[in-house]
Amino acid sequence: MTEDIAPENYVYKQVRSIQFNILSPKMIKKMASAKIVTPELYDKEGYPVDGGLMDVRLGVIDPGLKCKTCGSKLKECVGHFGYISLARPIIHVNFVKTILDLLRCTCRECSRILLPQDALDRYNEEIQFSVRETGSEGSRKKIKELVKKARGQGKCPHCKSGQYKVNIEKPTTFLENEKRISPIEIRTRLEKITDEDASLLGLNPEAARPEWMVLTVLPIPPVTMRPSITLETGERSEDDLTHKLGDIVRINQRLFENINAGAPEIIIEDLWDLLQYHITTFFDNSLAQLPPARHRSGEPLKTLTERIKSKEGRIRHNLTGKRTNFSARTVISPDPMLKINEVGVPSVIAEKLTVPERVTGWNIEYLKGFVKNGPKKYPGANYIIRPDGKKKKLTEETIEQSLEELQPGYIVERHLMDGDIAIFNRQPSLHRVSMMCHRIVVLPYKTLRLNPAVCHPYNADFDGDEMNLHIPQTEEARTEAEMLMMVQTQLTSPRYGLSIIGCTQDAISGNYLLTKDMIFSRSEAGDLLTSIGVMDFSKLGNKETLTGKEIFSVLLPDDFNFVGRSRACRKCETCLKEKCKNDAYVLIRKGRLISGVMDKANLGEGQGLMLRNLHKKYGEDFAVDMLGRLFKLGVEVLMKRGFTISISDLDITEEARLEVEQLIADAEGRVNELIDEYRKGELEALPGRSLRETLEVRIMEVLNRTRGDAGKVISKHTDKATNLTVMIQSGARGSSINQAQMTGCVGQQALRGKRIEKGYSKRTLSCFIKGNLNPEAHGFIRSTFKGGLKPHEFFFQSMVGRDSLMDTALRTPKSGYLYRRLANSLQDLKVEYDGTVRDAGRRIIQFKYGEDGVDVSKSEGGAVNVERIIANKS
Amino acid sequence: MKKSDITQHVLVPNHTKLSEQKKADVLKKYNISVYQLPQILKSDPAIARLNPKPGDVIKIVRKSQTAGKHVFYRVVVSA
């Protein structure tokens, strides 16, 4: 329909407000196109009965038939409502609360609000005022106040009649003075409420007259929203709603008949209650007080409320959650031989997902090649699309015919090939780098492959993670993805202005070893460089032995200069620069690494200043290539050299062991002194703490220091050549705390920031004397992980381990939700050309982005490097 | 206890009321109507001494770690 109207004739209107009304009986009848009178669905021929629930006037669900009401076909006709007249009025469950309020605060005789006229006038004014000032929010509060005032009055101030207490027996029975009020009575009382009183109670009489909350007619939803399914056996299976409506119509008819026949009051009452039950469950089948209506199989019916509500409901499942074609999902695994902006796609997937290509005079032979291969042989095609939009599936039989038919104007949906564009994604998609564009490389086996350097932006690891792949289907989408989402466009973080993608793990330790002190023969060096794809050895000169630094320099461009620091930098007062003992002064002059080792500070993700400089100077395409080569170099070095850690890496000298033991003994001595002081009452309390707390704080201080000190001793004495130290010092993995815990002393176990105090009365475990305050009785572990823990130490460690496990398991979803809410609240904000930050309504949020107008992703770690700008100018 | 003037506190940035002319200039500069400005309550203690009326525009000059000085505008609204 819309396509018939020319764009210039479109009517553009802005929705200013939406008003929700209650359907009046009149309205229900007016919008209905059929009156439903019989619970039967089909006659003997299987044709819908007139006046039945599947009446043809309610819309079409059979292909080929035309709608009796609007004349349109299936999918064009949206369906039409019907109605049934109820034999007796029925309470609408969703309005029970409002009805109760109304009954309580109005007179049972004259239906006026149970407050004197002057009070009503005053409230009227106040409500009007608060609507003007604060909108509906404030007036709602006022109305609540009024309702509270009016209820519980003993006598009506208008007609002086006595009032009784109205109560509710859930879900739909109202009691007055312990006696039931019938819905008829309720309806007459609601009818008598004047329009003025109704609006005082927050009901706009034009949109929601109180008596409309008690149903006298029930709208029957169109068949299009409750289609029946035909099973393979030819049997028809009706929708849950149709079942429920059938019950309603049946009971309603019975009720009519019984009333007309003058049946005893009890029978009528019973039927009436049954009708009330059916209509209530028609609206909501998950009420706590009512047994849910069930299928014969015992499974509860899904009625109106259940369709909308909750995760599986219409809103969260169908409207907010959408599914997509041209996508794939499997387990991921690493492949450092891929480029950083590539993704390895299993051949099985490549043969299922397609890219549409339009046939032209120039590519027809090329595309015929795919069609010839068909769907089974790679690279083939799965579909061809004729110019009139008809899609044809390629099968063994149709290949021949399709080949002949193919001509310019057709579209071939061919298999994925190397170099195609795909969007790669890992949930939760918290930030923009959770979805990046990669180039496809078709590979054997069944996992999606990615370069481990891009794990960080996706927050992926390979313990079973799965990721999604999407194939853009139009030229526009592909270009957009390539220009805006390609991995190389995402190298620097807009959050802190440093590389998000950098070397990790092996790549760091490999480059560290290489640039530290490795020496190669010329042929070894050539070997190494060839294996990472570098063939130009001119930079090596004609030396016979080469240092790792020289090999590393081959990767650097000749005009690159850089000064930085390694992690080993001790920040000495006078920097020795190139002559630094730790080789921590990184100096690159004219593309040669003169001094300094490459480690996480230069290559790593989230730091990597050297990478940032390369990126800035040589552009993003160079930066990804460079990063890929660096990564491969690191991995290759480790492959040639070999890299593993063993128990012997944890060996320490006798001297170091004694020193650590002495440290622990000193600490224990100091703690004992503290305990003595405490027992003698000589300990001085810290401000705001009791004596006992002071003691704990002091002891914690001493013990925590001990592990740190032990760590220092260990790292001073350990063999610098072990692979464990290499990993720690390069920043690839592990910390000196890990090392200290394995070799020196595990240290104090803290539970909620305190030493362990739980357990038995006055002691933690039954192997200690009551009141023992010694370190070992409160979770101090003097053993090492390598040496093994004593039973009580093991127990303490397990306590803390379990606690932190619980803590992370409970905290993760909480912080995740918090982040989601934050991200949603900021989602439409954007920086305009004038530098202001505005939301979707063009309202200003910030007058200058971030107060200083700096685009962090174009800065270095958030700061603008003014010196460079000046240097580049001249 | 002596009642102190909170506008003199170091953490309270400087608030001033814009003249009609200046207000028009600001709105023109950003090409917006007053509804698109951030808001400030009429009863906000920081502007209590400026005798604000709904619709007035308040200029706030803040110290900024990164930019030194940052100018902000808010429109006065009643509660």
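Calculation criteria
Residues numbered from 1 in each chain as written. Chains lettered and ligands numbered in written order. Predicted model: local features only at pLDDT ≥ 70, side-chain atom pairs only at ≥ 80, totals over all residues. Heavy atoms only, no water. Helix = DSSP H or I, 4+ residues; strand = E, 2+ residues; numbered from the N terminus. Rg over C-alpha atoms; globule rule 2.2 N^0.38 Å. Buried < 20%, exposed > 50% of the residue type's maximum accessible area, 1.4 Å probe, protein only. Contact = heavy atoms within 4.5 Å. Areas by Shrake-Rupley, 256 points an atom, 1.4 Å probe, with all protein chains shown as cover. Lys, Arg positive; Asp, Glu negative; His and termini not counted. Charge placed at Lys NZ, Arg CZ, Asp CG, Glu CD. Pairing = 2+ DSSP bridges. 1 Å grid on protein atoms, 1.4 Å probe; cavity = no way out; pocket = protein on both sides within 12 Å on 5 of 7 lines; lining within 4 Å. Points joined across faces, edges and corners; volume = space filled by probe spheres on them. Nonpolar A, V, L, I, M, F, W, Y, C, P; charged D, E, K, R; others polar. Buried area = accessible area lost by both parts, 1.4 Å probe. Polar contact = N/O pair within 3.5 Å; in protein donor to acceptor, adjacent residues only side chain to side chain. Axes fitted to C-alpha atoms, helices over the stretch in contact; angles between N-to-C directions. Parallel < 35°, antiparallel > 145°, perpendicular 65-115°, else oblique.

1. Quick look at the overall build of chain A
- Within chain A, the secondary structure is distributed over 27 helices and 30 strands.
- Its C-alpha radius of gyration of 39 Å places chain A more than 25% over the 29 Å reference for a compact globule of 874 residues.
- Classification of the 874 residues of chain A by burial places 44% in the buried group.
- Excluding contacts between residues fewer than 6 apart, the proportion of contacts in chain A whose partners are at least 24 apart in sequence is 65%.
- When the accessible area of chain A is evaluated, it comes to approximately 48,800 Å², of which 52% is carbon and sulfur surface.
- With 131 positive and 116 negative side-chain charges, chain A shows a separation of 3 Å between the mean positions of the two kinds.

2. Points about the overall build of chain B
- Secondary structure assignment for chain B yields one helix and four strands.
- Its helices and strands in sequence order give chain B the pattern β-α-β-β-β, from N to C terminus.
- Along the three orthogonal principal directions, the C-alpha set of chain B runs to about 45 × 35 × 20 Å.
- When burial is assessed residue by residue, chain B has 30% of its 79 residues classed as buried.
- Sequence-distant contacts in chain B: of pairs separated by 6 or more residues, those separated by 24 or more amount to 56%.
- Between the averaged position of the 15 positive side-chain charges in chain B and that of its 5 negative side-chain charges there is a distance of 4 Å.

3. Some points on the pairing of strand S15 (residues 421–425) of chain A
Residues and elements named next belong to chain A.
- Burial within S15 is extensive, with five of its five residues counted as buried.
- Burial along S15 is two-sided: Ile 421, Ile 423 and Asn 425 and Ala 422 and Phe 424, pointing in opposite directions, are all buried.
- The pairing of S15 with strand S18 (residues 466–470) spans three bridges and is antiparallel. In the sheet register, Phe 424 faces S18, and the bridge partner there is Leu 469.

4. Here we look at the layout of surface pockets
Residues and elements named next belong to chain A.
- Roughly 1,800 Å³ of volume is contained in the largest pocket.
- In this structure, the largest pocket is lined by 40 residues; those nearest its centre are His 431, Arg 432, Pro 494, Arg 495 and Tyr 819.
- Of all elements in the fold, only helix H14 (455–458), helix H20 (609–618), helix H26 (791–825) and strand S28 (830–831) reach the threshold of two or more residues within the lining of the largest pocket.
- Tallying contributions element by element places H26 first for the lining of the largest pocket, with six residues.
- Elements represented by at least two residues in the lining of the second largest pocket include exactly helix H2 (96–105), helix H3 (117–134), helix H4 (136–150) and helix H6 (195–200).
- Element by element, the count of residues in the lining of the second largest pocket is highest for H4, at eight residues.
- Residues that form the lining of the second largest pocket fall into these classes: 12 nonpolar, eight polar and six charged.

5. Structural notes on the sheet that holds strand S29 (residues 837–838) of chain A
All names here are of chain A.
- Judged by pairing direction, the sheet is antiparallel, and its three strands sit side by side in the order S28-S29-S30 without closing on themselves. At either margin of the open sheet sits one strand with a lone partner, and together these are S28 and strand S30 (844–846).
- As defined by bridge partners, S28 adjoins S29 across two bridges and the pair is classed as antiparallel. Bridge pairing in S29 places Lys 830 opposite Arg 838.

6. A word on the interface of chain B and chain A
- Taken together, the contact between chain B and chain A spans 15 residues of the former and 16 residues of the latter.
- When chain B packs against chain A, the two sides together hide about 1,200 Å² of surface, and 54% of this comes from carbon and sulfur.
- Summed over the shared surface of chain B and chain A, the number is five residue pairs in polar contact (both at pLDDT 80 or more).
- Tallying contributions element by element places strand S4 (residues 68–77) of chain B first for the side of chain B that touches chain A, with four residues.

7. So, the packing of helix H24 (residues 723–730) of chain A against helix H25 (residues 736–743) of chain A
Residues and elements named next belong to chain A.
- Two numbers describe how H24 lies on H25: the axes approach to 9 Å, and their chain directions differ by 150 degrees. The orientation of H24 relative to H25 falls into the category roughly antiparallel. Residues Leu 724, Thr 725 and Ile 728 of H24 form the contact with H25, whose participating residues are Ser 736, Gln 739 and Met 742.
- In terms of residue class, the contact of H24 with H25 is made up of three nonpolar, three polar and no charged.

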